[in-house]
Amino acid sequence: MMYYYPYVPPVMAPVSYSMPRTFSAEARQQTVQGQATWTQGGPVTKCGMPWSAYQYMTAAVGESSPYSCGQNLKIRYPVTGREMIVTIVDQVAGYPPNRLNLQKRVFEALGADPAAGVIPIEITPSPELEEERWGRYLLEITQNAYPNYNVTNYQALGTSEVNENQTRASYEFTLQSPQETRKIQASVTYNPETDRVVSFDIQEM
C-alpha cells in the first residue's frame, strides 16, 4: 500500500526530566526483571503525551526510573511469553525504578488478568527506535493501520538514498493478534533537508 500525504512531522515526545546519574548507559540498554500494574490512564500526563497515543500501547514509569518520557520499551510477560512494544507517556510518584504502570489494554494483551493487580515482567529498552526517529513515526503509522494487532518486535532495515532530495528509511514490524502473526515492512520517504514526508509505504511480507 503506497500513500502520499501532506507533511506530517514525526512524533517526537518531549523529555520532561533528566536521566538519573545513578544508572549507567549500559544498564539502560539491558533487560531487567520488573513488575507491572495497570491503569486506564487519565486526561493529563507528566510527559505531555496522551495515554491514547500509539493505540493505547502506553505506560508510565516512576519518577526515579532510568527510562524517560517518549522512550520505547519492549515488555515481556514470562507467564504467557507474550511481548509488546510500549511508549512511556507518564510518571508515577513513588514507583520503584523497575516497575511500570501499563495501560489496561497492554496488560490484557500480554495475557494478564487485571484482577492479578501486579505481574512480573521483563523490560528491555528499544534503542533502535530511539536513535532513529523515523522508526517511531512508522511505529505509529503501522499501529494505526492495524488497530487489532499489537506490535511485538521490530527491526531497523536501514536507510537508502532515493535521489539527492529524498531518503528512504525502512523497518520491519512483527504484529500479533489472538489468531495470527504478521510481518510488515514499513518505509517512509522524506526530504533530509526539510524532514518533509514525501510518502510512506506499508507492505505485508
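In the block above lies the structure referred to throughout.
Residues numbered from 1 in each chain as written. Predicted model: local features only at pLDDT ≥ 70, side-chain atom pairs only at ≥ 80, totals over all residues. Heavy atoms only, no water.

Chemist: Which residues make up the nonpolar core, and what values do they have?
Modeler: The biggest cluster of nonpolar side chains holds 31 residues, and the ones touching the most others in it are Trp134, Tyr137, Leu138, Phe173, Leu175, Val188 and Ile202. Those elements giving two or more residues to this core turn out to be strand 5 (82-92), helix 3 (133-145), strand 8 (150-163), strand 9 (166-176), strand 10 (181-190) and strand 11 (197-204). In terms of residues, this core owes the most to one element, helix 3, which gives five residues. With sequence-adjacent residues up to four places away left out, Phe173 is seen in contact with Gly135, Leu138, Leu139, Thr142, Val151, Asn153, Tyr154, Arg182, Lys183, Ile184 and Ala186. (Core = buried A, V, L, I, M, F, W, Y, C linked by side-chain atoms within 4.5 Å. Buried < 20%, exposed > 50% of the residue type's maximum accessible area, 1.4 Å probe, protein only. Helix = DSSP H or I, 4+ residues; strand = E, 2+ residues; numbered from the N terminus. Contact = heavy atoms within 4.5 Å.)

Chemist: Quick rundown of the side chain of Ser170? Include the residues and the values.
Modeler: Among the secondary structure elements, Ser170 is positioned in strand 9. Sequence-distant contacts of Ser170, that is, excluding residues within four places in its chain, are made with Ala156, Leu157, Gly158, Ala186 and Ser187.

Chemist: Could you give an account of unusual backbone geometry, naming the residues involved and the relevant values?
Modeler: Residues apart from glycine generally show negative phi values, whereas peptide bonds are mostly found in trans. Positive phi values are uncommon outside glycine, yet Tyr54 reaches one of about 55°. Judged by its relative accessible area of 2%, Tyr54 falls in the buried class. Of note, the phi angle at Tyr56 is positive, near 70°, even though the residue is not glycine. Mapped onto the fold, Tyr56 is located in the loop between strand 2 (32-39) and strand 3 (58-62). Overall, the relative accessible area of 27% leaves Tyr56 in the partly exposed class.

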